[in-house]
Amino acid sequence: MSVFEYCFLFLSVILGGGLAFFIHESQKIRLDLILSFSGAYILGITVLHLMPGIFSNPQNSIWLWVLGGFVIQLTLEQFSQGVEHGHIHAHTNAPFSFALAIMIGLCLHAFIEGLPLSVYSEFHQHRHGGTHSHNHLYYGVILHKAPAAFVLVLVLLRSNFNKTVIGIMLIIFAGMSPIGAWLTTAVNIDIGHVDKILGLVVGSFLHISTTILFEADDTKEHQI
């Protein structure tokens, strides 16, 4: 990943979260539409791009890693309360532990998703050949993280947290995926192990995307 890609990944989350300071309840339908699009997009890249790559080697037990990613995401959502897929559960004058639990869930999730970003193009070329640089995963993470940041800030604002504290939390959240991507490069992980990391991401993506799509329409009779 280039410096520009790291910066854009960070700033897209900052922008997504920053918009929550100015968007009002009457514009919630737009959040539903954005979440629906992001859910459809990450489901699409998961099925069409990520899964063919990680399952191309029949010798490894990659399905265990996919299942592990699914279970990890289920566990993390006990902390984040579903902020990843648009759940807004605000509590008036909530204790700091409420925000801390959400941050733990979101940050660990963002860190795991960021791990394969810096080596995904190399992995894709290794499994499928060619020299074209593919950024499916990178765009998917951005489209997923920006709305999640928006919901995070919205929840904290409605729970009456100080705006300075919210800003610090947003910056921490925005930095988790870039840190994960940088760490993978720093430790020079073997390309043969990338499919296992991607397996965790695929499991997480399958859970999040299907949850978004199942819940987005709710009682709107398929209008979304």
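Here, every reference points to the structure presented above.
What counts, and at which threshold
- Residues numbered from 1 in each chain as written.
- Predicted model: local features only at pLDDT ≥ 70, side-chain atom pairs only at ≥ 80, totals over all residues.
- Heavy atoms only, no water.
- Helix = DSSP H or I, 4+ residues; strand = E, 2+ residues; numbered from the N terminus.
- Buried < 20%, exposed > 50% of the residue type's maximum accessible area, 1.4 Å probe, protein only.
- Contact = heavy atoms within 4.5 Å.
- Areas by Shrake-Rupley, 256 points an atom, 1.4 Å probe, with all protein chains shown as cover.
- Core = buried A, V, L, I, M, F, W, Y, C linked by side-chain atoms within 4.5 Å.
- Polar contact = N/O pair within 3.5 Å; in protein donor to acceptor, adjacent residues only side chain to side chain.
- Patch = residues over 30% accessible without salt bridge, like charges linked within 9 Å, V, L, I, M, F, W, Y side chains within 5 Å.
- Salt bridge = Lys/Arg side-chain N within 4 Å of Asp/Glu carboxyl O.
- Phe/Tyr/Trp six-rings, centres within 6.5 Å; stacked < 30°, edge-to-face > 60°.

Before going further, it helps to examine the overall build of the protein. Secondary structure assignment for the protein yields 8 helices and 0 strands. Along the protein, helices (α) and strands (β) appear in the sequence α-α-α-α-α-α-α-α when read from the amino end. Residue burial in the protein is summarised as follows: out of 224 residues, 48% are buried. Intrachain contacts of the protein at a sequence separation of at least 6 include 84% that bridge at least 24 residues. Just so you have it, the protein exposes about 10,900 Å², and 67% of that area is on carbon and sulfur atoms.

Residues Leu-137, Leu-152, Phe-173, Leu-198 and Phe-205 are the most contacted members of the largest nonpolar core, which totals 55 residues. Broken down by secondary-structure element, the contributors of at least two residues to this core are helix 1 (3-18), helix 2 (28-54), helix 3 (62-80), helix 4 (96-114), helix 5 (120-128), helix 6 (136-158), helix 7 (163-186) and helix 8 (194-217). A per-element tally of this core places helix 6 first, with 13 residues. Residues within four places of Leu-137 in sequence aside, it is in contact with Ile-45, Leu-50, Pro-116, Leu-117, Tyr-120, Leu-198, Val-201 and Phe-205.

Moving on to the environment of Thr-46. Relative to the elements of secondary structure, Thr-46 occurs in helix 2. Through-space distance from the C-alpha of Thr-46 to that of His-136 is 9.0 Å; in sequence the pair is 90 residues apart. When neighbours within four sequence positions are excluded, Thr-46 is seen to be in contact with Met-51, Pro-52, Val-202, Phe-205 and Leu-206.

Summarising the element assignment, Ser-159 is placed in the loop between helix 6 and helix 7. Among the polar contacts listed, one links the side chain of Ser-159 to the backbone oxygen of Val-155, at a separation of 2.9 Å.

Structurally, Leu-100 can be placed in helix 4. When its relative accessible area of 42% is taken as the criterion, Leu-100 is described as partly exposed. Residues Leu-100 and Ser-80 lie 20 residues apart in sequence; the distance between their C-alpha atoms is 9.0 Å.

On the surface, Phe-55, Trp-63, Leu-64, Trp-65, Leu-67, Phe-70, Val-71 and Leu-74 cluster together into a nonpolar patch covering about 750 Å² of accessible area. Along the chain, the position of Phe-70 falls in helix 3. Assessed through its relative accessible area of 31%, Phe-70 is described here as partly exposed.

Before going further, it helps to spend a moment on the packing of aromatic side chains. Inspection of the entire model under this criterion finds 3 aromatic pairs. Look at Phe-4 and Phe-8: their rings are 6.1 Å apart centre to centre, the planes differ by 15°, and that puts the pair in the stacked class. Here Phe-4 pairs with Phe-8, and both are found in helix 1, just 4 residues apart, close to one helical turn. The exposed category is assigned to Phe-4, whose relative accessible area is 61%. According to the relative accessible area criterion, Phe-8 is partly exposed, its value standing at 40%.

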